[in-house]
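If you want the building blocks of each chain, they are given just below.
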Amino acid sequence: MSKIHLILSKLPPKIQPIAQKLLEQLLRLQSKVEEKLRPYWEKYSPQIQQLNYDQIKAFVLKYKWRIVGVLFVLYAGSKIINYFFPGADKVGGPVTVTTVVVQPKEVPLVIEATGTIVSNNIVDIRPMITNTVAKILVKDGQEVKAGDLLFQLDDRNDKANYDKLKALADDAQSQYLRAKELVAKNFISKAGLETSNANAKSAFAAAKAAEVQLSFDYIRSPIDGRAGIVNVFPGSLVQAGNVVSTATNSTATSSVGSMVTITQLNPINVQFIITEKDIPTVLENQLDGDALTVKVTVGDASKRIYEGKVLVVDNQVDPSIGAVRVKAQIPNDEMTLLPGQFARVFLEASTLKGALQVPSQAIILSPNGKTVYIVDQNDKAVAKPVKVLYEYQGQAVVDGIAAGDRVVVEGKQNLRPGSKIRESKLAIQPVNPS
């Protein structure tokens, strides 16, 4: 019985349940037949021993069709058993397979994730004061540099106020210098000199405040980047705050979020998430000093692959999804990436050194776990249980085999432990260490 169970374990996984059920039915049938025939055998066995040729012939002629039916059932049962449980002497010839010789190599541990392209810097340009737009010096989609003048508001009132206060400051400074000369000649007291000095400083501070107020009429870009759609027009009334009122026609106005948005596109960032189980691997390798490498594809992956470095791993895990956010930076010299685009990210989190890698198709799934067939020195198949450590793009790093083993990749479905194998002419080339 143990031999039958051993043969069952060597069958393909899909056939094992069928063969098991068939075996159980045959055993039940056998026990039932034995149970039914035992009383007859005990009753008629003395008589059978006394039968002569004529009696046997008469019995056969009387029950010939029943005897033929029983013989047919026995014959069919024997064929079924031989099909599912062939003897060692009935195994066919060598099975043609393709194999690969495994060797230790360095395998990058890649974590795949989905993310979003985000800007490295993005600024909504809003007014600091309530005023009217006098000039628009930026166009939709224009590339701008930090400090470039974007908008000029009506500066007549602020400029006049500044000129007035500047003149007063200059006059106060002149009076202070004259007071210093008079103090030296003892024409005024030192208290008068200090008062003159205070007046000069107060006038200078008022002029500086007016200068700052005047600068609010000249709105400049704080960063390098690309301008979005301009939301104001010459003559539009803008107000300090988060809302800009923009004239859209002769009778109504509409509100928009900003006068224009400046977005830095080069370099650009990609933000994605990694699962909680991968966090230790990422953090351990980030502590080595070198930033982790990412490869990013957007849209058609065959057109362009962007390579960059991880900037930061967030300092807390989102418990709702069991993941942490990661931000990486990639070059965008051709300005082909825009914030908000969907991206696929490949993060090289670590490197498995001395790993034994085999094609994923070589691994057999069975109720007892994962196994592979290797070829021994006598060109016979040997089943070995393995543990898959890492699997990516059709290749699996496994534990349970040794360097130099010939692993069967194709033709394994026809193998049984001990089967003789024959190498195909289209054998897979050995995997050389990197």
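Residues numbered from 1 in each chain as written. Predicted model: local features only at pLDDT ≥ 70, side-chain atom pairs only at ≥ 80, totals over all residues. Heavy atoms only, no water.

*Asks:* Give a description of the overall build of the protein that names residues and reports values.
*Replies:* Across its full length, the protein carries seven helices and 24 strands. A buried classification covers 31% of the 434 residues belonging to the protein. At a minimum sequence separation of 6, the contacts of the protein that also span at least 24 residues come to 75%. As displayed, the protein has an accessible area near 27,500 Å², and 55% of this comes from carbon and sulfur atoms. (Helix = DSSP H or I, 4+ residues; strand = E, 2+ residues; numbered from the N terminus. Buried < 20%, exposed > 50% of the residue type's maximum accessible area, 1.4 Å probe, protein only. Contact = heavy atoms within 4.5 Å. Areas by Shrake-Rupley, 256 points an atom, 1.4 Å probe, with all protein chains shown as cover.)

*Asks:* Can you tell me about the packing of helix α5 (residues 156–184) against helix α6 (residues 190–215), naming the residues and giving the values?
*Replies:* Contact geometry for α5 and α6: axes closest at 8 Å, N-to-C directions at 160 degrees. Accordingly, the angle class assigned to the pair α5 and α6 is roughly antiparallel. Crossing hand, α5 versus α6: left-handed. The class makeup of the residues in the contact of α5 with α6 is 16 nonpolar, seven polar and six charged. (Axes fitted to C-alpha atoms, helices over the stretch in contact; angles between N-to-C directions. Parallel < 35°, antiparallel > 145°, perpendicular 65-115°, else oblique. Left-handed = near helix turned anticlockwise from the far one by under 90°. Nonpolar A, V, L, I, M, F, W, Y, C, P; charged D, E, K, R; others polar.)

*Asks:* Before we move on, could you go through the nonpolar core and cite the residues and values that matter?
*Replies:* Counting 34 residues, the largest nonpolar core has Phe272, Ile274, Val294, Val296 and Leu347 as its most contacted members. Only β2 (104–118), β13 (268–275), α7 (279–286), β14 (293–297), β15 (306–313), β16 (323–330), β17 (342–359) and β21 (387–392) provide two or more residues apiece to this core. In this view, Ile274 contacts Ile111, Ile279, Val282, Ala323, Val324, Val326 and Leu347; residues no more than four positions away in its chain are not counted. (Core = buried A, V, L, I, M, F, W, Y, C linked by side-chain atoms within 4.5 Å.)

*Asks:* Which residues make up the pattern of salt bridges, and what are the values?
*Replies:* Within the structure shown, the criterion is met by 11 salt bridges. Here Arg126 ties to Asp124 by a salt bridge, and the two come within 3.3 Å at their closest N and O atoms. Judged by relative accessible area, which is 27%, Arg126 ranks as partly exposed. A salt bridge links Arg406 to Glu423; the nearest nitrogen and oxygen atoms lie 2.8 Å apart. Separated by 17 residues along the polypeptide, Arg406 in strand β23 (residues 406–410) and Glu423 in strand β24 (residues 421–423) bring together distant segments of the chain. With a relative accessible area of 25%, Arg406 lands in the partly exposed category. (Salt bridge = Lys/Arg side-chain N within 4 Å of Asp/Glu carboxyl O.)

*Asks:* Describe α5, with residues and values.
*Replies:* Helix length check: α5 (29 residues) gives 43 Å between terminal C-alpha atoms against 42 Å at 1.5 Å per residue, within 8%. Looking at α5, one finds that the buried residues are Asp158, Tyr162, Leu165, Ala169, Ala172, Tyr176, Ala179 and Val183. In this fold, the buried residues of α5 make contact with β4 (131–136) and α6. Downstream of α5 by one or two residues, Asn186 has phi in the positive range, about 60 degrees. (Expected span 1.5 Å × (residues − 1).)

*Asks:* Quick one: what's the story with the confidence of the model for the protein, residue by residue and with numbers?
*Replies:* With 83% of its residues at a pLDDT of 70 or more, the protein shows a mean pLDDT of 82. Note that pLDDT drops below 50 for residues 247–255; the model gives that stretch 13 contacts with residues more than four away or on any other chain. The low-confidence segment residues 429–434, where pLDDT is below 50, has 13 contacts with residues more than four positions distant or belonging to other chains. (pLDDT = per-residue confidence, 0-100.)

*Asks:* Requested: an account of the sheet that holds strand β7 (residues 218–220), with residues and values cited.
*Replies:* Pairing within the open sheet is antiparallel, and its four strands lie in the order β7-β6-β4-β9. One side of each edge strand has no neighbouring strand; the edge strands of this open sheet are β7 and β9 (237–238). One ladder, built from three bridges, connects β4 with strand β6 (residues 149–153); its direction is antiparallel. In the strand pairing of β6, Lys135 is matched with Gln152. (Pairing = 2+ DSSP bridges.)

*Asks:* Please give an account of the sheet that holds strand β12 (residues 260–263) that cites residues and values.
*Replies:* Judged by pairing direction, the sheet is antiparallel, and its four strands sit side by side in the order β3-β12-β8-β5 without closing on themselves. Because the sheet does not close on itself, it has two edges, and the strands there are β3 (122–125) and β5 (143–144). Taken together, the four bridges between β3 and β12 define a ladder with antiparallel strand orientation. Among the inter-strand pairings, Val123 is bridged to a residue of β12, identified as Ile262.

*Asks:* Explain the pairing of strand β22 (residues 395–399) to me, and be specific about the residues and the numbers.
*Replies:* Moving residue by residue along a regular strand, the side chains alternate between the two faces of the sheet. Of the pairings in the sheet, the one linking β17 to β22 comprises three bridges and is antiparallel in character. Paired with Val358 across the bridge in β22 is Ala396. Bridge count for β21 against β22 is five bridges, and the pairing is antiparallel. Looking at β22, one finds that Val388 is bridged to Val398.

*Asks:* Lay out the side chain of Gln152 with the relevant residues and their values.
*Replies:* Looking at where Gln152 falls in the secondary structure, it is placed in strand β6. With relative accessibility at 14%, the residue Gln152 sits in the buried group. If we skip the residues at most four places from it in the chain, Gln152 touches Val133, Ala134, Lys135, Asp217 and Tyr218.

*Asks:* Tell me about a nonpolar patch on the surface, residues and numbers included.
*Replies:* On the surface, Leu29, Val33 and Leu37 cluster together into a nonpolar patch covering about 260 Å² of accessible area. Inspection of the secondary structure puts Leu29 in helix α2 (residues 16–49). (Patch = residues over 30% accessible without salt bridge, like charges linked within 9 Å, V, L, I, M, F, W, Y side chains within 5 Å.)

*Asks:* Summarise the environment of Lys105; cite the residues concerned and give the values.
*Replies:* Tracing the sequence through the fold places Lys105 in strand β2. The class of Lys105 is buried, set by a relative accessible area of 18%. C-alpha of Lys105 to C-alpha of Gly354: the two residues are 249 residues apart in sequence and 4.9 Å apart in space.

*Asks:* I'd like a rundown of the pairing of β12, residues and numbers included.
*Replies:* Sheet analysis places strand β8 (residues 225–227) next to β12, joined by two bridges and oriented antiparallel. Bridged to Arg226 within β12 is Thr263.

*Asks:* Quick one: what's the story with unusual backbone geometry, residue by residue and with numbers?
*Replies:* Cis geometry marks the peptide bond from Asn266 to Pro267; its omega dihedral reads -5 degrees. Topologically, Pro267 is positioned in the loop between β12 and β13. One non-glycine residue, Met335, lies in positive phi territory at about 55 degrees. Phi at Gln393 is positive, roughly 50 degrees, even though this residue is not glycine. By the secondary structure assignment, Gln393 is in the loop between β21 and β22. Gln393 sits in the exposed class, given a relative accessible area of 65%.

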